[in-house]
Amino acid sequence: MKAILEPAGKRIAVLQIAALIILGLFIYAPCVRGKFIWDDHGLIKDNTAIKGWSNLPQLLRTDFGAGSGSSSVYYRPLQTIIHLAGYAVWRENPLGFHLLSILTHILAAILFYFLLLYIFHHQVFSFIASLLFVSFPVNTEAVCYISGLSDPLVTVFLLLGMIFYLRNLSITSKRHHFLALLSFGLALGAKENAVVLPGLILLYHYVFKKTVNLRTFLPFLYILIGYGLIRWAVLGAAIPLDLSGSNLWSRAPVFLAGLTQYGRLLVFPTGLHMEYAYLLSSFGAFRVILGLAILILILLAFFSSRDRDPGLSFAAGWFLVAFLPVSNIYPISQALIMEHYLYLPALGFFILLAKIFCYPFKQRIARGILRLAAAGLVIVYAYLTFKQAERWQDPVIFYQQTLKYAPHSWRFYNELGLEYASSGNPAEAQTAYQEALKINPDALGIYANLIDLYRKTDNRQKLLETEGLVEQVKDKLLKDHLSSARRFQSQGDYQQAVGELKQALGLEAGNLLIAQDLASGYILAGRYRDAVNLLNKILSAKPDFALAYNNLAVAYYYLKEYDLAVHSCEQALAYGYPVDQEFIKSIALHRK
């Protein structure tokens, strides 16, 4: 590190950083002209939570999707606050948000450069790895997609946390230790995969054989525990709940098949798109066997090269640690493959490539050939990234391109229809919606979009036909959800039953009988407070609903709010409900 503090080293560093900035701005220039795409509408354009600073306290107490009217398993207050500040400046102009994403990505590349410089003390090596990162085509999903800001953002603060932590190790500075902890906290506020920072710190200590100072390291774990408690308070769970119903053994081949796909994206970053197919696989499938081979190679590189080549061990370890949260070994997402999942893990791959391009051959010409190869790869990356950024700037082209790779995605046909409708192409919009309905004929949202289109084009015949279809689909879905709820309850799977009943209630929001069934489901699932809240809403709509009073008494009883339980029981009896005698005896013990 001291070497780059020499005047010549400083001048080289300035030139290298300038090159990173110029390259990053150039290759991502096309997406600056891009519009809002996909989730950008909900998270930015239609997000009421970012429309005023008075909403700031609420942003800290709600999930990531609350402002858009949807629920989310993510808690990312830092990204939402940044969107809030951006909206105050740019309003609904996507240009400013795109610039923010690009600059954050470039900052991540610069910090990656300094982290490698600090660890390996090699400017050319650090520069090559950072050039590869800033120009890597797979990163376009995280950079051109405004909603993908969380990936560059969390990487910036993770890298800052590592840099400050390593700086504190060398000079034992309370200021640097505090800044490392602060960076970790901010990273957790940006995205959940920031939880890997303590693992990356331990990786550094293991690979480079540095003793861990518990007084320095433990505060990171305390912050992690605090983060889990905050998530629990806001979302009701410290980690996203696994509602997939699958087990580790059934997910293992899917994980290995996904590792093969990610390996392909790292080596051949072409054919990029959203909406990768879910890879249902068995242990005998070729892509699963190949994924297992890749995993074994990474593990061998990590453990066997620690003594003879710690850089290789660090690269393999970085990929493994950073990849773990997005590997879907524990399913936190409906999607198995997402290109932006590689954003942080791929840093390990670029360390490996930089090591190859900086191999210390004795022959000067061999070293020169490697440098030319590195430059050639950066040029190829830059070209592919520029072309992919061009696709992101036009939503219609983006959706059409995606549908070439995911022709069975009704969601993208729906989004394409919305884009056509907003740009004044009703015929194309209708075609796209109809293609979506061929794939998913039960998607009520698509019918709603068609109805809106027919109203605007004054097509009354199609309007009436579609409205009639909507009622048929609603009836079918309602019966399906209620039937599934009964089946799950008979199996004792009350959480799944609650999910089905919530879907049914969404179809008929004013149906008090379904609401009552949902409240009963909450009680069976042990979610007594949810039951109380829902039952009070039911009783405000129908004050003489005897069964609701009975269930309210039960919920209050389990919450140990006995006065309210006694009162609710008396109301149930007053309205003629046959309250269970054993329950009456139990509740009588708490009468005052």
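Quick caveat, the model's predicted, so the values are computed rather than measured. (Residues numbered from 1 in each chain as written. Predicted model: local features only at pLDDT ≥ 70, side-chain atom pairs only at ≥ 80, totals over all residues. Heavy atoms only, no water.)

S.K.: Mind showing me how you'd approach the overall build of the protein here?
M.R.: Regarding its fold elements, the protein presents 27 helices and zero strands. In terms of overall dimensions, the protein is globule-like: its C-alpha atoms have a radius of gyration of 28 Å, near the 25 Å expected for 592 residues. Reported as C-alpha extents along the three principal axes, the dimensions of the protein are approximately 95 × 65 × 55 Å. Sorting the 592 residues of the protein into buried and exposed places 49% on the buried side. Counting contacts in the protein only where the partners sit at least 6 residues apart, residues at least 24 apart contribute 66% of the total. Working note: accessible area of the protein is about 28400 Å², and carbon and sulfur atoms make up 62% of it. (Helix = DSSP H or I, 4+ residues; strand = E, 2+ residues; numbered from the N terminus. Rg over C-alpha atoms; globule rule 2.2 N^0.38 Å. Buried < 20%, exposed > 50% of the residue type's maximum accessible area, 1.4 Å probe, protein only. Contact = heavy atoms within 4.5 Å. Areas by Shrake-Rupley, 256 points an atom, 1.4 Å probe, with all protein chains shown as cover.)

S.K.: Help me understand the layout of surface pockets, please; the structure alone is not making it clear to me.
M.R.: Rolled over the atoms, a probe as big as a water molecule pinpoints where empty space is left. A volume near 390 Å³ is recorded for the second largest pocket. As for the second largest pocket, its lining consists of 16 residues, of which Leu-266, Ile-294, Ile-298, Phe-349 and Leu-352 are closest to the centre. Secondary-structure elements contributing two or more residues to the lining of the second largest pocket are α12 (248-267), α13 (286-304), α14 (310-323) and α15 (346-357). Among the elements that take part in the lining of the second largest pocket, α12 stands out by supplying five residues, more than any other. Residue composition of the lining of the second largest pocket, by class: 13 nonpolar, two polar and one charged. (1 Å grid on protein atoms, 1.4 Å probe; cavity = no way out; pocket = protein on both sides within 12 Å on 5 of 7 lines; lining within 4 Å. Points joined across faces, edges and corners; volume = space filled by probe spheres on them. Nonpolar A, V, L, I, M, F, W, Y, C, P; charged D, E, K, R; others polar.)

S.K.: What should I look at first to understand the packing of helix α23 (residues 512-524) against helix α24 (residues 528-541) in this one?
M.R.: Helix packing geometry: the angle between the two helix axes and the distance between the axes. Put simply, α23 and α24 touch, their axes get as near as 8 Å, and they point 160° apart. Judged by the inter-axis angle, α23 sits roughly antiparallel to α24. The way α23 lies across α24 gives a crossing that is left-handed. Facing Leu-512, Ala-515, Gln-516, Leu-518, Ala-519, Tyr-522 and Ile-523 of α23, the residues of α24 in contact are Tyr-528, Asp-530, Ala-531, Leu-534, Leu-535, Ile-538 and Ala-541. Looking at the contact of α23 with α24, its residues break down into twelve nonpolar, one polar and one charged. (Axes fitted to C-alpha atoms, helices over the stretch in contact; angles between N-to-C directions. Parallel < 35°, antiparallel > 145°, perpendicular 65-115°, else oblique. Left-handed = near helix turned anticlockwise from the far one by under 90°.)

S.K.: It is not clear to me how a nonpolar patch on the surface should be interpreted in this structure. Could you clarify?
M.R.: A grouping of Ile-21, Leu-25, Leu-95, Leu-99 and Leu-103 is seen on the molecular surface, where their side chains present a nonpolar patch of about 380 Å² in accessible area. Of all the secondary structure elements, the ones that give two or more residues to the nonpolar patch are α1 (7-27) and α5 (94-120). For the nonpolar patch, the element with the highest residue contribution is α5, accounting for three residues. The topology assignment puts Leu-25 in helix α1. (Patch = residues over 30% accessible without salt bridge, like charges linked within 9 Å, V, L, I, M, F, W, Y side chains within 5 Å. Salt bridge = Lys/Arg side-chain N within 4 Å of Asp/Glu carboxyl O.)

S.K.: Help me understand empty space enclosed by the protein in this model?
M.R.: Scanning all chains against the criterion turns up one cavity of 30 Å³ or more. Considered as a void within the structure, the largest cavity measures approximately 40 Å³ in volume. Taken together, Asp-151, Asn-193, Ala-322, Val-326, His-340, Tyr-341, Tyr-343, Leu-344 and Pro-345 make up the full set of residues lining the largest cavity. Each residue belonging to the lining of the largest cavity can be placed in one class, and the counts come to six nonpolar, two polar and one charged.

S.K.: What's the story with the nonpolar core in this structure? I'm lost.
M.R.: In a soluble, globular protein the nonpolar side chains are often hidden away together inside. The biggest cluster of nonpolar side chains holds 171 residues, and the ones touching the most others in it are Phe-112, Trp-318 and Phe-350. It is α5 that provides the largest number of residues to this core, a total of 13 residues. Apart from residues no more than four positions distant in its own chain, Trp-318 is found in contact with Leu-115, Leu-159, Leu-200, Leu-203, Leu-344, Pro-345, Leu-347 and Gly-348. If you look at the next biggest cluster of nonpolar residues, it comprises eleven residues, including Leu-43, Ala-49, Leu-84 and Tyr-87. (Core = buried A, V, L, I, M, F, W, Y, C linked by side-chain atoms within 4.5 Å.)

S.K.: It is not clear to me how helix α25 (residues 546-558) should be interpreted in this structure. Could you clarify?
M.R.: The end-to-end C-alpha distance of α25 is 19 Å, a good match for the 18 Å that 13 residues give at a rise of 1.5 Å each. Buried residues dominate α25, accounting for ten of its 13 residues. Along α25, the residues that are buried comprise Ala-546, Ala-548, Tyr-549, Asn-550, Asn-551, Leu-552, Ala-553, Val-554, Ala-555 and Tyr-556. Those residues of α25 that are buried lie in contact with α23, α24, α26 (562-574) and α27 (581-588). A positive phi of about 65° marks Lys-560, the residue just after α25. (Expected span 1.5 Å × (residues − 1).)

S.K.: Sorry, what's going on with the pattern of salt bridges here?
M.R.: Pairs can form between side chains of opposite charge once their charged atoms are near each other. Evaluated as defined, the whole model comprises 15 salt bridges. A salt bridge links Asp-309 to Lys-355; the nearest nitrogen and oxygen atoms lie 3.0 Å apart. In this pair, Asp-309 is assigned in the loop between α13 and α14 and Lys-355 in helix α15, connecting sequence segments 46 residues apart. Note that Arg-455 is salt-bridged to Glu-467, the shortest N-O span being 3.3 Å. With Arg-455 in helix α20 (residues 444-456) and Glu-467 in helix α21 (residues 460-490), this pair connects stretches of sequence that are twelve residues apart. Of the residues examined, Arg-455 reaches a relative accessible area of 53% and is grouped as exposed. A relative accessible area of 28% means that Glu-467 is categorised as partly exposed.

S.K.: How should I be thinking about the environment of Tyr-262 in this particular structure?
M.R.: Of note, Tyr-262 is situated in helix α12. You can call Tyr-262 buried: its relative accessible area is 2%. Considered as a pair, Tyr-262 and Ala-346 are 84 residues apart in the sequence and their alpha carbons are 9.6 Å apart. Aside from chain neighbours lying at most four places away, what touches Tyr-262 is Phe-323, Leu-336, Ile-337, Met-338, Tyr-341 and Leu-342. Among the polar contacts made by the side chain of Tyr-262, one reaches the main-chain amide nitrogen of Met-338 at a distance of 3.2 Å. (Polar contact = N/O pair within 3.5 Å; in protein donor to acceptor, adjacent residues only side chain to side chain.)

S.K.: Explain unusual backbone geometry to me, please; I cannot follow it from the model alone.
M.R.: Across residues other than glycine, the phi torsion is negative in most instances, and most of the peptide bonds are trans. Positive phi outside glycine occurs at Trp-38, with the angle close to 60°. Looking at where Trp-38 falls in the secondary structure, it is placed in the loop between α1 and α2 (40-45). One non-glycine residue, Arg-91, lies in the positive phi region at around 55°. The topology assignment puts Arg-91 in the loop between α4 (77-90) and α5. Taking relative accessible area as the criterion, Arg-91 reaches 44% and is therefore assigned partly exposed.

S.K.: Looking at this structure, I do not really get the environment of Leu-501. What am I missing?
M.R.: Looking at the element boundaries, Leu-501 is found in helix α22 (residues 494-507). In this structure the C-alpha to C-alpha distance between Leu-501 and Leu-513, which are twelve residues apart in sequence, comes to 11 Å.

S.K.: Any chance you could explain α5 here in plain terms?
M.R.: Note on helix geometry: an α-helix contains 3.6 residues per turn, so any two residues three or four positions apart are oriented the same way. In a regular helix each residue adds 1.5 Å, so 27 residues correspond to 39 Å; α5 covers 39 Å between its end C-alpha atoms and thus fits that length. Its side-chain oxygen 3.1 Å from the backbone nitrogen of Leu-95, Asn-93 forms the N-cap of α5. Where α5 ends, the next residue or the one after it, His-121, has phi of about 55°, a positive value.

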